[in-house]
Amino acid sequence: MANKDGYAETVDYDESLDTHPTDDELDAAVESLEASGFDVVVVDDAAAALNELTSQIPAGASVMDGHSTTLEEIGFMDHLMEGDHEWDNRHGEVYGIDDDAERLRARREAQASDYFVGSVNAIAATGELVAADASGSRIGAYPFAASNLLLVAGTNKLVDDLDAALDRLEDVAYPLENARAQEAYGQGSMIGKQLIYRQEAEEGRTTLVLVRESLGY
């Protein structure tokens, strides 16, 4: 299991909701997710996940992200900020703004980027995705705003059903993210805005890249 940036050594969380499925369980989950309208790609490792994400974003597209430990772990954030690409890096534009009010306005506008890249906190084998954050800035683009949504997650986030997915949010993702926020910002996090993503009606809009590694919270 991943080290969770060291927080797993000090934070009490439900490790039973942070395990990997069998091949048969993964196949069944992919079938359910595809029936929910999500395009699903399964890859073996972080390098393959990064390659999959970058291959899906065309030159000239505007790209924004929702904060994600998984995106950092697979190297996407380094690639977005410093890599060899021809994208319109909305993250760099937004966080290059000094004025707080103007930066907030730009963050809202960036939710409607051509491609929004992020992760989720839990994946139900019955076909639902669960994600949350304190302010909504991470997940605001997911339901509608972004033209294309690319999500990446380790298969350690796959659980049996929606109830277990909600439990994973509360008992795995939140305590670990709360510890990270305490260290990064000097204050804890909260589950302020929560999304249950049951169905994608727009064909081809939302792609979930599942990685056979322990990634993220």
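Here, every reference points to the structure presented above.
Some points on the nonpolar core
One recurring pattern in soluble globular proteins is that nonpolar side chains are buried together. Counting residues in each nonpolar core, the largest one holds 27 residues, and the members touching the most others are L33, V120, I123, L129, Y142 and L210. Of all the elements in the fold, those that place two or more residues in this core are α1 (23–35), α6 (100–110), β6 (129–133), α7 (141–145), β7 (148–154), β9 (193–197) and β10 (206–211). Take this core: its biggest share by element is four residues, from α1. V43, A49, W87 and L150 belong to the second-largest nonpolar core, a separate cluster that totals 20 residues.

Looking at the side chain of D65
With respect to the helices and strands, D65 occurs in strand β2 (residues 62–65). Buried and unpaired, D65 has R107 as its nearest opposite-charge partner, separated by 9.1 Å. In terms of polar contacts, D65 uses its side chain to reach the side chain of H91, at 2.6 Å.

Side note on the environment of D99
With respect to the helices and strands, D99 occurs in the loop between α5 (90–94) and α6. On the basis of relative accessible area, D99 is assigned to the partly exposed category, the value being 47%. At 3.3 Å, the side chain of D99 and the backbone nitrogen of A101 are in polar contact. There is a polar contact of 2.8 Å between the side chain of D99 and the backbone nitrogen of E102.

A word on the sheet that holds strand β8 (residues 158–159)
The mixed open sheet is built from four strands, whose spatial order is β8-β5-β6-β9. Two strands lie at the open edges of the sheet, namely β8 and β9, each paired on one side alone. Pairing geometry for strand β5 (residues 122–124) and β8, over two bridges, is parallel. Residue pairing for β8: A124 is matched across the bridge by V159. Its contacts with the sheet put helix α8 (residues 162–185) on β5, β6, β8 and β9, and the angle it makes with β6 is roughly 25°.

Definitions and limits used
- The numbering scheme is per chain: residues are counted from 1 as the chain's sequence reads.
- Only residues with pLDDT of 70 or above have their local features reported here, since the model is predicted, and side-chain atom pairs are shown and tallied only from 80 upward, although totals for entire chains, interfaces and linings are computed over all residues.
- Here the side-chain values reflect all heavy atoms present in the structure, with hydrogen atoms and water set aside.
- What makes a nonpolar core is a set of buried Ala, Val, Leu, Ile, Met, Phe, Trp, Tyr and Cys residues whose side-chain atoms join them at distances within 4.5 Å.
- For each residue, the accessible area found with a 1.4 Å probe, counting protein chains only, is set against the maximum for its type, and the residue is called buried under 20%, exposed over 50%, and partly exposed in between.
- The numbering of helices and of strands both runs from the N terminus, where a helix is a DSSP run of H or I of at least 4 residues and a strand a run of E of at least 2.
- A positive count includes Lys and Arg, and a negative count includes Asp and Glu. His and the chain ends are not counted in either.
- What counts as a salt bridge is simple: a side-chain nitrogen of Lys or Arg found within 4 Å of a carboxyl oxygen of Asp or Glu.
- Think of a polar contact as two N or O atoms within 3.5 Å of one another; within protein, one of them needs to be a possible hydrogen donor and the other a possible acceptor, and neighboring residues in sequence only count if both atoms come from side chains.
- Only strands that DSSP links by at least two bridges are regarded as paired with each other.
- Any two residues whose heavy atoms approach within 4.5 Å are treated as being in contact.
- Axis lines are fitted through C-alpha atoms, for helices just across the contact stretch, and the angle between N-to-C directions can take any value from 0 to 180 degrees.

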